Amino acid sequence: MPSGQTGESRAGGGRMETGDPVLPPPPPPEELKQRLEAAGQAHVLRFWPELAAGERSSLAAELRPWEPRELRAHCEAAKRALTPARPPARPMEPVPQQLMGSAVRGHPEVLSRWEQRGFQLISENKVAVILLAGGQGTRLAVPYPKGMYNVGLPSGKTLYQIQAERIRKVQELAEVKHGNKCTVPWYIMTSEFTLEPTQRFFAEHDHFNLDKSDIIMFEQRMIPAVGFDGKIILEQKGKVAMAPDGNGGLYRALADSMILEDMDRRGIRYLHVYCVDNILVKMADPIFIGFCAEKGADCGAKVVGKTDPSEPVGVVCRVDGIYQVVEYSEVSQEVAEMRDEDGCLTYNAGNICNHFFTLDFLKSIAEEFEPKLVPHMAIKKIPFVDEQGNRVKPEKGNGIKMEKFVFDVFQFAKNFVVFEVSREEEFSPLKNAAGAGVKDSPVTARRALLWQHQRWALRAGGHFPNHQIPRSDWSEESEEPPLVCEISPLVSYAGEGLEVYLKDRELYSPLLLTKKMAEELAKAKLAV
């Protein structure tokens, strides 16, 4: 360039850049375009020219795992699900009594035997727990994973902390009973939405004093949401609306993330699987584990008795000789109200998503049966971009999310068993934001745990002299218990061992029995 020339040309005092000419955006990669066309989903690329390079890469990466045939089948199945063929009426049968165990009606000696067997297996490092924590918690109306939720206990503990401390306690009990150090690994299935915040939350809380190497997080698969026309929904110009594939995505995720191999390497043989939102869940429950192991079960389900025939909960039963969960909407009122000679509901085994599996059974599902699971349809309000690229938040359901359920594998079990537990002791889910009269909310979850711990304290021989309401007037339906009592999981796993701290003591509400306080109470008793 001649000296003094600046690369600028002037015209009428204005300025014009003479750099590289603006080039049209590159077309979509031919392979991606062909795959989408083969799947009948070419519309996904309609905004490609407007996308930045990073957005194009991200969109291509989102779609890369899907083979054309699989993607087409997924979209067609979603569309067909809108008008399902009415299934023929099939005879339902309750679970035979010989396959049932009960923590409610079981003989104390039998329960003790099952518990001892469970603790033995835990002490031998053969038991692990799997947490299903991939949901977004939309109904709870919070922008973070459910496990990070604080329901308002005096301790301020979150669901994750409560569950972590129950793992620590059950390990400690097994070690005391059998004299050797043991570990219950915690496998946590997250999703694209919950993995990073869950990892960060655990790190910020020093993994709740569990060994970091024994907390294994993995992601479930994300699948495209589909419109009523069978077309993939674009959430943004360069992003497909994706959703986790349901808690039944566990089986594919176990295989894809090499989790089954990790379990094998650790010597795990028995798994307890549960959902994150149950504040009363008993982690690696020794009685449940022992019962299932003694029965030689490869698959088991915990259930609670239904509160009434119309309670909207799935029922564990047998249909055409196959064990499954029949959704409440699929049961006629006549069948739901059927009763046995003793007056109990015939179909009373309410599913609570709390299961037992052997590792061998999980391997067989992942390797052979997972492709045979039939997805379930859910109609959702899914934000999308219209033909002009404007983002729209629909006011009613506009799309279909297909998901599999963790209990869909009962049908493949060779030896299936059912274990009945007390709702008051083991089941209070957190699903909905707080509100007057709302069930399964922070209020009901908090109340359930405080009532439980109050029962434990009274059963251990503690007294609350400042409590003025007669016990006969106490109602577990009140918003808050008449007295507040919270017992740390590090002190008691399921109400055991509290006599040494509380027997014949005057207790005052609110009571928060921490491990430190329990140790001080024990020392004070020894000094007397």
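All values reported here derive from a predicted model rather than from experimental measurement.

With that out of the way, let us pick up the overall build of the chain. When helices and strands are counted, the chain shows 15 helices and 24 strands. With the C-alpha coordinates of the chain rotated into their principal frame, the extents come out at 100 × 65 × 50 Å. Within the span of the chain, comprising 528 residues, buried residues form 50% of the whole. Taking as baseline every contact in the chain between residues at least 6 positions apart, the subset at least 24 positions apart corresponds to 76%.

A pair of packed helices is captured by two measures, namely the crossing angle of their axes and the spacing between those axes. The geometry of helix α4 (residues 108–123) relative to helix α9 (residues 286–294) is characterised by a closest axis approach of 6 Å and an angle of 95 degrees between their N-to-C directions. On the basis of their axis angle, the class for α4 and α9 is roughly perpendicular. Of the residues in α9, those in contact with Leu 111, Arg 113, Trp 114, Glu 115, Arg 117, Gly 118, Phe 119, Leu 121 and Ile 122 of α4 are Pro 286, Ile 287, Ile 289, Gly 290, Phe 291, Ala 293 and Glu 294. Looking at the contact of α4 with α9 residue by residue, the class counts come to 10 nonpolar, 2 polar and 4 charged.

Once that is clear, we can look at the nonpolar core. Core analysis: the largest hydrophobic core is formed by 46 residues, its most contacted members being Ile 122, Val 129, Leu 131, Tyr 160 and Trp 186. Judged by nonpolar contacts, the second largest core, of 44 residues, contains Ala 128, Ile 216, Ala 253 and Leu 260.

Another aspect to go through is the pairing of strand β13 (residues 270–275). Burial within β13 is extensive, with 6 of its 6 residues counted as buried. Going residue by residue along β13, you find Tyr 270, His 272 and Tyr 274 tucked away on one face and Leu 271, Val 273 and Cys 275 tucked away on the opposite face as well. In terms of strand pairing, β13 meets strand β17 (residues 349–358) through 5 bridges, oriented antiparallel. From the neighbouring strand, Tyr 274 faces β17, where its bridge partner is Asn 354.

So, about the sheet that holds strand β21 (residues 399–403). Here 3 strands make up an open sheet; going across it, the order is β9-β21-β18 and the pairing antiparallel. Every interior strand has two partners, whereas the edge strands, β9 (226–227) and β18 (376–380), have only one. Taken strand by strand, helix α3 (residues 68–81) contacts β9, β18 and β21, and its axis lies near 110 degrees from that of β21.

Let's shift gears to the domain arrangement of the chain. Each assigned domain of the chain is listed with its residue range as follows: domain 1 (92–421) and domain 2 (442–526). For domain 1 versus domain 2, the distance between C-alpha centres works out to 29 Å. Where domain 1 touches domain 2, the interface holds 6 residue pairs in polar contact (both at pLDDT 80 or more). Of the residues forming the side of domain 1 that touches domain 2, the biggest block, 8 residues, is contributed by helix α5 (residues 159–178). Classifying every residue of the side of domain 1 that touches domain 2 by side-chain character gives 13 nonpolar, 2 polar and 8 charged.

So, on to the environment of Ala 255. With respect to the helices and strands, the residue Ala 255 is situated in helix α7 (residues 250–256). The exposure class of Ala 255 is partly exposed, given its relative accessible area of 31%. Expressed as a C-alpha distance, the spacing of Ala 255 and Ala 366, which sit 111 residues apart in the sequence, is 6.1 Å.

The next thing to look at is the packing of aromatic side chains. Following the criterion strictly, the structure yields 19 aromatic pairs and no others. Ring centres 6.1 Å apart and planes at 50 degrees place the aromatic pair Phe 201 and Phe 208 in the tilted group. Take Phe 201: its relative accessible area is 10%, and that puts it in the buried class. When the ring of Phe 405 is compared with that of Phe 407, the centres are 5.3 Å apart and the planes differ by 45 degrees; the resulting orientation is tilted. When its relative accessible area of 18% is taken as the criterion, Phe 405 is described as buried. An aromatic cluster of at least three residues, connected via ring pairs, comprises Trp 114, Tyr 270, Phe 288, Phe 291, Phe 356 and Phe 419. The ring of Trp 66 has Arg 221 sitting right over it, with the charged end atom 4.2 Å from the ring centre.

On the surface, Phe 228, Met 377 and Ile 379 cluster together into a nonpolar patch covering about 250 Å² of accessible area. Mapping Ile 379 onto the fold places it in strand β18. Overall, the relative accessible area of 45% leaves Ile 379 in the partly exposed class.

This next bit is on empty space enclosed by the protein. Empty pockets left among the atoms are what a rolling probe the size of a water molecule brings to light. Within this structure, the stated rule accounts for 2 cavities of 30 Å³ or more. As a volume, the largest cavity reaches approximately 40 Å³. Taken together, Leu 32, Arg 35, Leu 36, Leu 63, Trp 66, Pro 68 and Leu 71 make up the lining of the largest cavity. Elements that contribute at least two residues to the lining of the largest cavity include exactly α1 (30–38) and α3. Per element, the largest residue contribution to the lining of the largest cavity is 3 residues, and it comes from α1. Looking at the lining of the largest cavity residue by residue, the classes come out as 6 nonpolar, no polar and 1 charged. Of the voids in this model, the second largest cavity is the one considered here, and its volume is about 30 Å³. Around the second largest cavity sit Leu 153, Ile 162, Leu 449, His 453, Glu 486, Ile 487 and Pro 489, which together line it.

This part covers α3. With 14 residues, α3 ought to run about 20 Å at 1.5 Å a step, and its terminal C-alpha atoms sit 20 Å apart, in line with that. Among the residues of α3, Pro 68, Leu 71, His 74, Cys 75, Ala 78 and Ala 81 are the ones counted as buried. Of the surrounding secondary structure, the elements contacted by the buried residues of α3 are α1, β8 (222–224), β9, β18 and β21.

Okay, the pattern of salt bridges next. Pairs can form between side chains of opposite charge once their charged atoms are near each other. Summed over the entire model, instances satisfying the criterion amount to 30 salt bridges. A salt bridge links Arg 113 to Glu 294; the nearest nitrogen and oxygen atoms lie 2.8 Å apart. On the criterion of sequence distance, the pair formed by Arg 113 in helix α4 and Glu 294 in helix α9 is long-range, its members being 181 residues apart. Note on Glu 294: relative accessible area 32%, which makes it partly exposed. The partner of Asp 214 in a salt bridge is Arg 266, and the shortest N-O contact between them spans 2.9 Å. In this pair, Asp 214 is assigned in the loop between α6 (195–204) and β7 (215–219) and Arg 266 in helix α8 (residues 259–266), connecting sequence segments 52 residues apart. Using a relative accessible area of 15% as the deciding quantity, one classes Asp 214 as buried. One salt-bridge network, held together by shared partners, links Glu 70, Arg 221, Arg 252 and Asp 256.

What counts as what
- Residues numbered from 1 in each chain as written.
- Predicted model: local features only at pLDDT ≥ 70, side-chain atom pairs only at ≥ 80, totals over all residues.
- Heavy atoms only, no water.
- Helix = DSSP H or I, 4+ residues; strand = E, 2+ residues; numbered from the N terminus.
- Buried < 20%, exposed > 50% of the residue type's maximum accessible area, 1.4 Å probe, protein only.
- Contact = heavy atoms within 4.5 Å.
- Axes fitted to C-alpha atoms, helices over the stretch in contact; angles between N-to-C directions.
- Parallel < 35°, antiparallel > 145°, perpendicular 65-115°, else oblique.
- Nonpolar A, V, L, I, M, F, W, Y, C, P; charged D, E, K, R; others polar.
- Core = buried A, V, L, I, M, F, W, Y, C linked by side-chain atoms within 4.5 Å.
- Pairing = 2+ DSSP bridges.
- Domains from an automatic or database assignment.
- Polar contact = N/O pair within 3.5 Å; in protein donor to acceptor, adjacent residues only side chain to side chain.
- Phe/Tyr/Trp six-rings, centres within 6.5 Å; stacked < 30°, edge-to-face > 60°.
- Lys NZ or Arg CZ within 6 Å of the ring centre and 35° of its normal.
- Patch = residues over 30% accessible without salt bridge, like charges linked within 9 Å, V, L, I, M, F, W, Y side chains within 5 Å.
- Areas by Shrake-Rupley, 256 points an atom, 1.4 Å probe, with all protein chains shown as cover.
- Salt bridge = Lys/Arg side-chain N within 4 Å of Asp/Glu carboxyl O.
- 1 Å grid on protein atoms, 1.4 Å probe; cavity = no way out; pocket = protein on both sides within 12 Å on 5 of 7 lines; lining within 4 Å.
- Points joined across faces, edges and corners; volume = space filled by probe spheres on them.
- Expected span 1.5 Å × (residues − 1).

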